[in-house]
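Residues per chain are reported as follows:
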Amino acid sequence: MGLLSGIGKSKIIGKKELTKYKDVKVIEEPSVVYIPIIIGMSTDFEIHVNDGEHVNIGTKIATRKDIYVPLYSPISGTVKGIIKKMHTSGRLQNHLVIENDYRNTEIKPFIYNNIDKLTREELVLAMKEIGILGLGGSGFPTFVKYENAKNINTILINAVECEPYLTSDYKIIEKKMKELLDGTSLLMKSANAKKAVIALKKGNEELIELLSEEAKHYLGIDVKVVSDAYPLGWERVLIRELFKIEYERFPSEIGIIVNNATTAIYFSEALRTGKAVTHRIVTISGEGVENPQNVYVPIGTPVNYIIQEMGGYTKKYEEIVVIAGGPMMGKSIPNDEFVISSYSNSVTILPKIDVEELPCLRCGLCTEYCPAKLQPVQIMNTEKGKDIDQMKKIGTEKCITCGLCTFICPSKIEVTDWVVKAKTRLLNIKKQGG
């Protein structure tokens, strides 16, 4: 094996049994929801409602300007202005406040007739107006992948859910298998693709068997099983595993579009019902919470409220860490007042453990395991020395912050944190025109 060919993945203890076999808990709606006025790094939004105005479930409340994404109210109630509140970015961000009237009055913000006769162009426009995002955690507007799609052969539905603890995709697929297949068919038509592959991880045999049987009723959809390894949820590693193909920047270069399973499900539901995406199934798990499980909540529900409704934090540990996302790719947040966004899939609560770092052994494991085929320690060293030119040369921006370099490091060095700092430095330079 060459130095830079790499293993690119690792077996990680999943701890999914904490939530996988429990029923999804429907959390009572909070008295107030807070809708983040931020998607990705964009905070450029037009607000469509005024302070004191009444809104229904499905009222369009805001629109992202730079890349069109509408936001819809998840509850009925009264707009109470905009406040700054902790966000999954780890920073204070603007949130639109809606006070719940508990009447659940609802409108359909869009109505599509003869769904199965919609053209490719009509489906993409619908995708845009529904506001479907990458619901595996990325938050990337889905329509962008389809708007100018050319020569697409395959839609790859990512149902791998490789992060430890996470089972929200598993639970929604278990519950909405037909919607997954219907949504996949609609995505195929949206790209003029002739086939689709739904990828699930080994270890979900019962779900795989049921989905494979149901898929026989849909033309061109195959269910494939991949190994139980991390980070097979990253599209580049998943494509490498399934198709033995590499690409430069985007999967579309090799005729593939990748979507998360929940994205396909919500696309089907929104088209068929005319209802906006207003609620999410979210995994709340980890040793730091008293009763780990998946919950069903309105977008904008505060995490501390959810934890309280679930029975609170465990008393076993003096300190805990609250992570927006999974333990590998998620972000530690200073407090638990942040809310569930439309692309949140999990919150992980773990005991805080102080680990003593040892000097780098120069073992090369971080390079060997890096799925992006980078040399993480070199990137770390460029950040420590603030060597911008070298930072650019060695591909820092290609890092996906999967966390494997830290996980695999025998010296327990927080390599990923250093690489994230380097990526952020380059991003800020680029923003400033450098």
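What counts and what doesn't
Residues numbered from 1 in each chain as written. Predicted model: local features only at pLDDT ≥ 70, side-chain atom pairs only at ≥ 80, totals over all residues. Heavy atoms only, no water. Axes fitted to C-alpha atoms, helices over the stretch in contact; angles between N-to-C directions. Helix = DSSP H or I, 4+ residues; strand = E, 2+ residues; numbered from the N terminus. Parallel < 35°, antiparallel > 145°, perpendicular 65-115°, else oblique. Left-handed = near helix turned anticlockwise from the far one by under 90°. Contact = heavy atoms within 4.5 Å. Nonpolar A, V, L, I, M, F, W, Y, C, P; charged D, E, K, R; others polar. Buried < 20%, exposed > 50% of the residue type's maximum accessible area, 1.4 Å probe, protein only. Pairing = 2+ DSSP bridges. pLDDT = per-residue confidence, 0-100. Phe/Tyr/Trp six-rings, centres within 6.5 Å; stacked < 30°, edge-to-face > 60°. Lys NZ or Arg CZ within 6 Å of the ring centre and 35° of its normal. Polar contact = N/O pair within 3.5 Å; in protein donor to acceptor, adjacent residues only side chain to side chain. Core = buried A, V, L, I, M, F, W, Y, C linked by side-chain atoms within 4.5 Å.

Caption draft 1: Spatial organisation of the packing of helix α4 (residues 177–191) against helix α5 (residues 205–215). Following both chains from N to C, one finds α4 and α5 inclined at 50°, their axes separated by 10 Å at the closest point. Taken as axis vectors, α4 and α5 run oblique relative to one another. Handedness of the α4/α5 crossing: right-handed. Counting all contacts with α4, which are made through Met177, Lys178, Leu180 and Leu181, the residues of α5 involved are Leu207, Leu210, Leu211, Glu214 and Ala215. For the contact of α4 with α5, the residue count by class is seven nonpolar, no polar and two charged.

Caption draft 2: Summary view of the pairing of strand β12 (residues 256–260). Judged by how many residues are buried, β12 sits mostly within the fold: five of five residues are covered. The alternating pattern of β12 places Ile256, Val258 and Asn260 on one face and Ile257 and Asn259 on the opposite face, and all of these are buried. The sheet contact formed by strand β9 (residues 154–158) and β12 spans five bridges and is parallel. Counterpart to Asn158 in the pairing with β12 is Asn260.

Caption draft 3: Expanded view of helix α8 (residues 303–310). Along α8, the residues that are buried comprise Val303, Tyr305, Ile306, Ile307 and Met310. Two residues or fewer past α8, Gly311 is found with a positive phi of approximately 115°.

Caption draft 4: The confidence of the model for the protein chain, seen in detail. Here the protein chain averages 93 in pLDDT, while 97% of its residues score no lower than 70. Here residues 1–5 is modelled with pLDDT under 50, and outside its nearest four sequence neighbours on either side it reaches nine contacts, counting other chains as well.

Caption draft 5: Structural detail: the packing of helix α1 (residues 120–130) against α4. At a minimum axis separation of 7 Å, α1 and α4 run at an interaxial angle of 115°. α1 and α4 meet at a crossing whose hand is left-handed. Of the residues in α4, those touching α1 at Arg120, Leu123, Val124 and Met127 are Leu186, Leu187, Lys189, Ser190 and Ala191. Grouping the amino acids of the contact of α1 with α4 by side-chain chemistry returns six nonpolar, one polar and two charged.

Caption draft 6: Up close: unusual backbone geometry. Here Tyr230 and Pro231 are connected by a cis peptide whose omega angle stands at 5°. Considering the arrangement of structural elements, one finds Pro231 in the loop between β11 (221–226) and α6 (235–243). Located in the positive-phi region is Lys244, a residue other than glycine, with phi close to 55°. Here Lys244 lies in the loop between α6 and β12. For Lys244, a relative accessible area of 66% puts it in the exposed group. The residue Lys386 is not glycine, and still its phi comes out positive at about 55°.

Caption draft 7: Geometry of the packing of aromatic side chains. Counted under the stated rule, the structure contains two aromatic pairs. On the numbers, 5.8 Å between centres and 85° between planes, the contact of Tyr72 with Phe110 is edge-to-face. One end of the pair, Tyr72, is in strand β6 (residues 69–72); the other, Phe110, is in the loop between β8 (92–100) and α1, and 38 residues separate them in sequence. Accessibility assignment for this pair places Tyr72 and Phe110 in one class, buried. What links up through ring pairs into an aromatic cluster is the set Tyr72, Phe110 and Tyr112. The positively charged end of Lys85 is found above the aromatic ring belonging to Tyr34, 4.4 Å away from the centroid. Residue placement shows Arg236 over the ring face of Tyr247; its charged tip is 4.2 Å from the ring centre.

Caption draft 8: Up close: the side chain of Ser268. Structurally, the position occupied by Ser268 is in helix α7 (residues 261–273). On the basis of relative accessibility, which here comes to 2%, the residue Ser268 falls in the buried class. Engagement of the side chain of Ser268 in a polar contact is seen with the side chain of Asp182, the distance being 2.6 Å. Apart from the residues lying within four places of it in its own chain, the contact partners of Ser268 are Glu179, Asp182, Gly183 and Leu186.

Caption draft 9: Just the nonpolar core, in detail. Counting residues in hydrophobic clusters, the biggest one holds 66 residues, and the most contacted among them are Ile155, Leu180, Ile198, Phe267 and Leu271. Leave out the neighbours within four places in its chain, and Leu180 touches Ile157, Ile173, Ile198, Leu211, Ala261, Ala264 and Ile265.

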